[in-house]
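Spelled out from the first residue to the last, the chains are:
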Amino acid sequence: MDRRIFGGLCLLSAVLVCLVGTWQSKSASVAAQGKGSPALPPAALAYLAKHCYACHGAEKQRAGLALHVYQDEAGVLKDRKRWNAVVQMVTSGEMPPPERPRPKLEETEAFLQIIGGIFEKHDRQARRDPGRVTMRRLNRTEYNNTIRDLVGVDFNPADDFPADDVGYGFDNIGDVLTISPLLMERYLAAAEAIIARAIVVGPPPKPGSRRVIARFLEPAQIKDLRFRELTKDRLHALIKVSQDGEYTFRVKMYGKSSDSEPPRVALLADDKELKVVEVKTGEKRGDVYEAKLHLKEGANTRFAAKLLNPGGDPPRSVSVEWFELFGPADPYPATHRKLLATTATTKAAKTRDILGRFASKAYRRPATPDEIERLAKLVEQTEQRGESWEAGIGLAMQAVLCSPKFLFRVELDDRPDTPDPHPIDDYQLACRLSYFLWSSMPDDELFALAASKQLHANIEAQVRRMLKDPKSAALIENFSMQWLQLRPLRNFSPDPDRFPEFNDKLRNDMLKETQLFFGEIVREDRSILDLIDSNYSFVNERLAKHYGIPYPGKSTGFGRFGGNEKFEKVIFKTNERGGLLTQASILTVNSNPTRTNPVKRGKWVLEQLLGTPPPPPPPNVPELPDNDNKKELKGTLRQRLEQHRKDPACANCHAKMDPLGLAFENYNAIGKFRTTENGEPIDPSGSLPNGQTFKGPQELKKILLQKKELFARCLVEKMLIYGLGRGLDWYDKPAVDQIVAALAKNDYRFQTMVVEIAKSDPFRLRRGKDQDP
């Protein structure tokens, strides 16, 4: 079939799917709304009138909030998200603001009990709701990883795709993952490129050889000689292979010996001994000695020859003419052998066996007989045009890779008439788990459990197994880098005149420290509270120098290579570092190119750690000018922020953000510790809106640890959004509460959070018939 026909069919299917995916659930409403809704108790209205209406009533509506309009329970429930924010502000002591009279503790407790009771009564009576399911396409990372695990090719075809849109802070949100005509063209081109690499069509290629002559063997030598002498030191060469298979390492050499004992030479690959040979002496033409080994695709292997008995008088030696790597013995790549493997005997049976297996893995559920038959007909039509059977198989596999059943995570309801929430099927659960933790398709063990309908009963064991797998690096890379908003660091460019030590290597070191630190918490099942404060991290020699701490590994100095690149775990002796907040990656990405940005750093703490984002700034309010621009605001950065806060439109939000950010003023715009700025001592102390004070980052971290339930809730919500691929709504609150409670009972262990998310109703269940709140 012509490629354009495939493209048209796939584009039509994808457009239909996207129309389904753009459906949005209606705003939450409750049966209690309207006539007959109970009025708010007098005590709640009195509290609002006494402490809130002055700023959020009929005359003033700061931050766009007018509380006087809420007179009954229905109104509160309708704007539940806003009232959750009100409860949070009152609970934390941020509201009423410090300049207003403080309410009595019993008044505040009574008010919070009333509002909490309204929510609790509604949730208790509300129908169990696991939320909606949006059919979403694979994002670029998921596509690359799925192709890697499905086909086995060693490249990233999705790198040429348009960038994925972001929703709720993540790039795997179904509602924003649309398909454009350009993306469909890239899907078609990628499918062709993938199969062309994976399957050999036509005569197989002949085994190749890569020869390194004597003058290019290492260690390097200036003289252009036909032979290199092998005495005490080894000779070696680095050779890369592009194909998996069996190879032969060959060395042409001859020996010299003053006695009857011939030279013995070990043939090595990456310091592993392959074979020991006795080298003939006398003949200066040399003989070829060889050893066989298996190499993986993309392997960069250092081959060497080492003389094992250099003694004698004069000493024994060997003259080497060249190294050569020959192969692979099987000219077909591993992907070809993997994809076309079958035990069937007839061509028709082979076709259906191969395509059935491939389509089932690609669709992440068993392919139907009709689906397999349609693919098999493509192979037959290709052969009828005079092309090879392999070409037909390749074309059919391209069709699979362009199908919406592969490009989208399709979750059809196997019980559409069931009125109540019910479990998704095991194959769908396998997909949710694998794309949550690996950003890729399920492996054979998940598929086997799904086939036997045993996966729902083994969720915890599978989650813990999957977190130990190297593929869980995808969770560390994709979740943590987006949650912590560190992806922009790859493009951050500090002023080179002010920060000449900053370069791409240091930037990568900063990112890798955070990835290793988060990975330690994931794989070692540490407490999530370590993310706020801990006494350990990971550094290489360059980052250790940047931090002003000893490097725990073996130093190589800072000459041509810039120190030892190996990252080692370090235990901090002082409290200057510890947790995410004092890592250079976080501090740098929340700075300006010329200076620190306390507002940005404080806002980051509120949004990413506490889940209490400030409202957007009012219109037409200029940003704080840089230090060099003193036309409007003068003094130190702290003093200029204080002047900025005098604007009533800015005061409330900056009172929350600025103290949090100023606590980290001891760290400059690239995260380097300092005690002065422009000759003036730095004051990292501050006072929070609820009256709590601190003298620096260490005391602030202690305050944040007192808010551990708030931090746990924020992290749970972020990870649940990432795992579900959708935003959260009011009906998800019972699940969040349950996960947070389980975390607290298990010392806030990271894997407990992941297990509880995987076992939660929103993750395991789907809505019943016509269940749309």
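Here the structure is shown first, and the text comes after it.
Throughout, residues of each chain are indexed from 1 in the direction in which the sequence is written. Totals for whole chains, interfaces and linings use every residue, but because this is a predicted model, local features are given only for residues with pLDDT of at least 70 and side-chain atom pairs only at 80 or more, for both listing and counting. In computing side-chain properties, one takes all heavy atoms of the structure into account and sets aside hydrogens as well as water.

(A) Examining the nonpolar core more closely. W483, I528, L531, F750 and M753 are the most contacted members of the largest nonpolar core, which totals 97 residues. Numbering goes from the N terminus for both helices and strands, where a helix is a DSSP run of H or I of at least four residues and a strand is a run of E of at least two. The greatest single-element share of this core, amounting to nine residues, is contributed by helix α25 (residues 708-724). Contacts are assigned to residue pairs that have any heavy atoms within 4.5 Å of one another. Excluding its chain neighbours within four sequence positions, the residues that come into contact with L531 are W483, F517, F518, I521, G579, L580, F711 and L715. Membership of the second largest hydrophobic core comes to 50 residues, among which are L138, F358, A367 and Y435. We call a set of buried Ala, Val, Leu, Ile, Met, Phe, Trp, Tyr and Cys residues a nonpolar core when their side-chain atoms join them within 4.5 Å. For the exposure calls, accessible area comes from a 1.4 Å probe over protein chains only, and a residue counts as buried if that area is under 20% of its type's maximum, exposed if over 50%, partly exposed in between.

(B) Fine view of the environment of G202. Examined against the element boundaries, G202 turns out to sit in the loop between α8 (181-198) and β2 (208-213). A residue is classified by how much of its surface remains accessible, and G202, at 37% relative accessible area, is partly exposed. Sequence-wise, G202 and A391 are 189 residues apart; in three dimensions their C-alpha atoms are separated by 8.3 Å.

(C) Up close: the sheet that holds strand β7 (residues 272-278). Strand pairing follows a simple DSSP-based rule, namely that at least 2 bridges must link the two strands. Pairing in this open sheet of four strands is antiparallel, and the strands run β4-β9-β6-β7 from one edge to the other. In this open sheet, the two edge strands, each paired with only one partner strand, are β4 (235-240) and β7. The mean inter-strand angle of the sheet, taken between neighbouring strand axes irrespective of direction, is 20 degrees. Axes here refer to lines fitted to C-alpha atoms; in helices the fit is confined to the stretch in contact. Angles between the N-to-C directions go from 0 to 180 degrees.

(D) Local environment of the packing of aromatic side chains. Note on aromatic contacts: the rings of Phe and Tyr and the six-membered ring of Trp form a pair at centre separations within 6.5 Å, being stacked when their planes are under 30 degrees apart, edge-to-face when over 60 apart, and tilted otherwise. By the definition in use, this model includes 22 aromatic pairs. Arranged with centres 5.9 Å apart and planes meeting at 70 degrees, the rings of Y143 and F406 form a pair that is edge-to-face. Taken as a pair, Y143 in helix α7 (residues 140-150) and F406 in helix α13 (residues 404-407) lie far apart in primary sequence, 263 residues in all. Across the pair, exposure class does not vary: Y143 and F406 are buried alike.

(E) Spotlight on the side chain of R409. Of note, R409 is situated in strand β11 (residues 408-409). None of His or the chain ends enter the tally, which takes Lys and Arg as positive and Asp and Glu as negative. Whenever Lys or Arg places a side-chain nitrogen within 4 Å of a carboxyl oxygen from Asp or Glu, that contact is recorded as a salt bridge. Within the buried set, R409 has no salt-bridge partner at all; the shortest N-O distance to an opposite charge, 4.3 Å, is to E142. In contact with R409, other than residues within four places in its own chain, are M135, R136, L138, E142, R364, C431, R432 and Y435.

(F) Structural detail: the environment of A85. Among the secondary structure elements, A85 is positioned in helix α5 (residues 80-92). Residue A85 is classed as partly exposed on the basis of its relative accessible area, which comes to 39%. Sequence-wise, A85 and P613 are 528 residues apart; in three dimensions their C-alpha atoms are separated by 9.6 Å.

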